[in-house]
Amino acid sequence: WRAKHFVGSHLRQVPCLDACVQALPKTLRFWRRRKYQTLGQGEQDDGTEVEDKRQSINHAFGGLVIKVAMLCMIGVTVLTMVQNSKYDEQAKDRLPQEMGAEPPTDEEFRRDAPLVLYLGALELLICGACAQTASNLYTRRRHALKHPQDCQGERMQRYVKVELSKDASQQDRQLYGLVFRSSTDGLECLVVEQVQPNSLLDLWNRKCNRENAQQILQAALSGSAAAGLDGAPGGGVAPAMPIQRRVLPGAAVVAINHVFADVGMMQLELSKPSVTLWVRSEIFHPSLLESEVLADDDHTPAPAPGQASDSGPPAIAPPGAPAADGVVVESSVPGPIFFGKPCEDESPSGASTFNAADAIAGPRCASLAFEDEEPQILMRWLVCSVLFGWVTMLPVLLMQPHESRPRQHLFRQYLLKPCLFLMPLWLLAWLLDCVELFFEANIMSPFFYFSVVHMLMPAVLVWYLLKLQAADQQLVLDQRKARQAEAAKDSSALQPVAVEDPAPTLLKEFICMNPIALVIIGSVAAIPIVISSLLTPMKTERARMAQGFLNMVYGPQIFLQLAFMWVLTNVKFVDLPRFYVACFSFLLSVPCFVVWFICLTCASRYGRQDMLLAQGQRIQRGRALAVTEKQAGDEESGSAGPEQELPASSVVDTTEVMHREWELCYSA
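Residues numbered from 1 in each chain as written. Predicted model: local features only at pLDDT ≥ 70, side-chain atom pairs only at ≥ 80, totals over all residues. Heavy atoms only, no water.

> When you look at the packing of aromatic side chains in this model, what are you seeing that I'm missing?
Two aromatic rings, taken as a pair, are described by how far apart their centres are and by the angle between their planes. Per the stated rule, a full pass over the model turns up 13 aromatic pairs. An aromatic cluster is present here, built from Tyr 449, Phe 450, Phe 564, Phe 579 and Tyr 580 joined pairwise through their rings. Positioned above the aromatic ring of Tyr 176 is the side chain of Lys 166, whose terminal nitrogen or guanidinium carbon lies 4.8 Å from the ring centre. (Phe/Tyr/Trp six-rings, centres within 6.5 Å; stacked < 30°, edge-to-face > 60°. Lys NZ or Arg CZ within 6 Å of the ring centre and 35° of its normal.)

Shown next, in the form of structure tokens:
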């Protein structure tokens, strides 16, 4: 399981590959993935499409750059074929093993230069793919533009409406049984991870399952009667009966009460005593390609033997007793699903029997985060921009932020001004480097190019990235505090909430990124990363722990950067193509493998420590809320009872996300 998550964490740029394919003409696409859809797609050609054009600039820019990159690759291929045809076999097979083995010749320069030009074309391709992916990510889907209750006809049938109400006497103690994770990067929904057994939501599922069984039985009886009237078996046609869909893992909660397209405010609604969930069973989004959660239809929750209601526990009935319409509920139906496996039934007959206390069992506190959606992929591209510069920075800056999402506005607020100065210089230096390789003209010395473009400019960028991370943390804390205080004014029966500090997304990406990229970034920017980290204080405990691991990972790589600077002083222009090839060859050497192993060990250690810290914060804050409530109750009653430390399982849920590594679920 850990190996699967490890592979997925290092293949997180898969969405960009699909963007490259989509830019090709339809006749040249070597595969067509029809399931690559999003919420709101598949509803077209009905004359009432709702579209969001805010990301059209990024989309057009990405498509243009991808086409230019492909033309450049074709041109470099032709150049390679023409130049290689001039070499004899002896010159073509001669490849020095070391930089100083023999002095390079003009013939070798012409032979190796196309390889470097291929890298330039590849950078164009990456830039275009990222731009189109950013456009696909942050284009608002139909569910983000229109509340599901305003839809009509067939479009309304795409959603499941779930109405749940807590018991009047347990409004601040009862959970709905929904365990989920918040979406990222523009999807704006809550992805269901599991449904807690015997919770209100589980009872609602069982009620739907029982009603579906009754409808299927009635349809079968109607079909048999129709067949008898026709005088031949199977001569009749059973009427189509609507099947009530249930809420299963992998479904998307797209709206709660009147709130939609805002994961923070939707979670705030979950703290209220009654909710109306609007659920869609299928979700496809670029941010979910690396860890797509699909509903498991092999297991069917067992029907409750008593009559369940949406607002409370079901009426108790003995096993095998007939339901309201006389249909006997069998006890051989599989039980509910918990963590991907059927729950063990405690009753000896296998029937689902539970009383009123079963519906209110569970953690004392909910775990909810009231901030805006997390821009994980954009943060990942910002880390890559330390190495690639404008290639992954331009798509982030061209992304049009949502007018009411402050976290999306932080990118332009902190990066636009420095990038207005850095990006033109970065693009000019990249263009001059390609020109001098193509025309064999020495315009800039290699030391000047690498020291300025790949060390000095990234140092400025790293400083602003750390400032962005600190501002993002503060913004999340302010949003949580303000929204929770606003909700407390509107309702006095809110569920107690215990949640950990916000995750330091940018710092986490610096630590847990691919080890190859981590070593390259360390060789060009280890010094500014460590200095910026030491000069940028973080307010939360999770962020400070991430800073410690960041310094531990990049601190030793300062010597690697100094060694790289010393090597650059000995590189001449005629050595440049072979220098690029030698650098990539060095990445496959034994010393680099050792460094990769150390980096992977540190990343795994950080992930585990971060998750343990988050779990500890939830439990500690949940117990503090329980103690506060107990003291308030003792003051009202005038008697003080003995203080007992509650077990962690009864305080708050600390379940790990099943399809992502080192991440905790939220619960309500």
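> Would you mind showing me how to read the pattern of salt bridges here?
Side chains that differ in charge, positive against negative, can pair when their charged atoms come close. This model, assessed by the stated rule, comprises 16 salt bridges. Two residues, Glu 193 and Arg 181, come together in a salt bridge whose shortest N-O distance is 3.0 Å. Of this pair, Glu 193 sits in strand E3 (residues 190-195) while Arg 181 sits in strand E2 (residues 178-182); the two residues are 12 residues apart in sequence, bridging distant segments of the chain. Of the two residues examined, Glu 193 and Arg 181, each falls in the buried class. Here Arg 542 makes a salt bridge to Asp 610, at a shortest N to O gap of 2.6 Å. (Salt bridge = Lys/Arg side-chain N within 4 Å of Asp/Glu carboxyl O. Helix = DSSP H or I, 4+ residues; strand = E, 2+ residues; numbered from the N terminus. Buried < 20%, exposed > 50% of the residue type's maximum accessible area, 1.4 Å probe, protein only.)

> Is there a simple way to think about the pairing of E3 in this case?
Regular strands place their side chains on alternate faces of the sheet. For E3, the buried fraction is high: 6 of the 6 residues fall into the buried class. Looking at chain direction, E3 and strand E4 (residues 252-256) are connected through 2 bridges and run antiparallel. Following the sheet pairing, Val 191 is matched in E4 by Ala 252. (Pairing = 2+ DSSP bridges.)

> Sorry, what's going on with the packing of helix H5 (residues 106-138) against helix H10 (residues 376-388) here?
Any two packed helices are characterised by the angle at which their axes cross and by the distance between the axes. Where H5 meets H10, the closest approach of the two axes is 12 Å, and the angle between their N-to-C directions is 165°. Between H5 and H10, the angle is such that the two are roughly antiparallel. Judged by the sense of rotation from one axis to the other, the crossing of H5 with H10 is left-handed. On the side of H5, the interface is formed by Glu 123, Cys 130, Thr 133, Ala 134, Leu 137 and Tyr 138, while H10 contributes Ile 377, Leu 378, Trp 381 and Phe 388. (Axes fitted to C-alpha atoms, helices over the stretch in contact; angles between N-to-C directions. Parallel < 35°, antiparallel > 145°, perpendicular 65-115°, else oblique. Left-handed = near helix turned anticlockwise from the far one by under 90°. Contact = heavy atoms within 4.5 Å.)

> Is there a simple way to explain a nonpolar patch on the surface in this structure?
On the surface, Val 460, Trp 463, Tyr 464, Ile 531, Leu 534 and Leu 535 cluster together into a nonpolar patch covering about 540 Å² of accessible area. When contributions to the nonpolar patch are tallied by element, the ones reaching two or more residues are helix H13 (446-490) and helix H15 (515-535). Mapping Ile 531 onto the fold places it in helix H15. (Patch = residues over 30% accessible without salt bridge, like charges linked within 9 Å, V, L, I, M, F, W, Y side chains within 5 Å. Areas by Shrake-Rupley, 256 points an atom, 1.4 Å probe, with all protein chains shown as cover.)

> Before we go on, may I ask you to explain the confidence of the model for the protein chain in this structure?
In regions of low pLDDT, the predicted coordinates are not meant to be interpreted in detail. Residues of the protein chain with pLDDT of at least 70 account for 72%, and the chain-wide mean is 78. Note on residues 95-101: pLDDT is under 50 here. Beyond four places in sequence and across chains, it has 10 contacts. Low pLDDT, under 50, characterises residues 229-241; the predicted model gives this stretch 16 contacts beyond four residues in sequence or across chains. (pLDDT = per-residue confidence, 0-100.)

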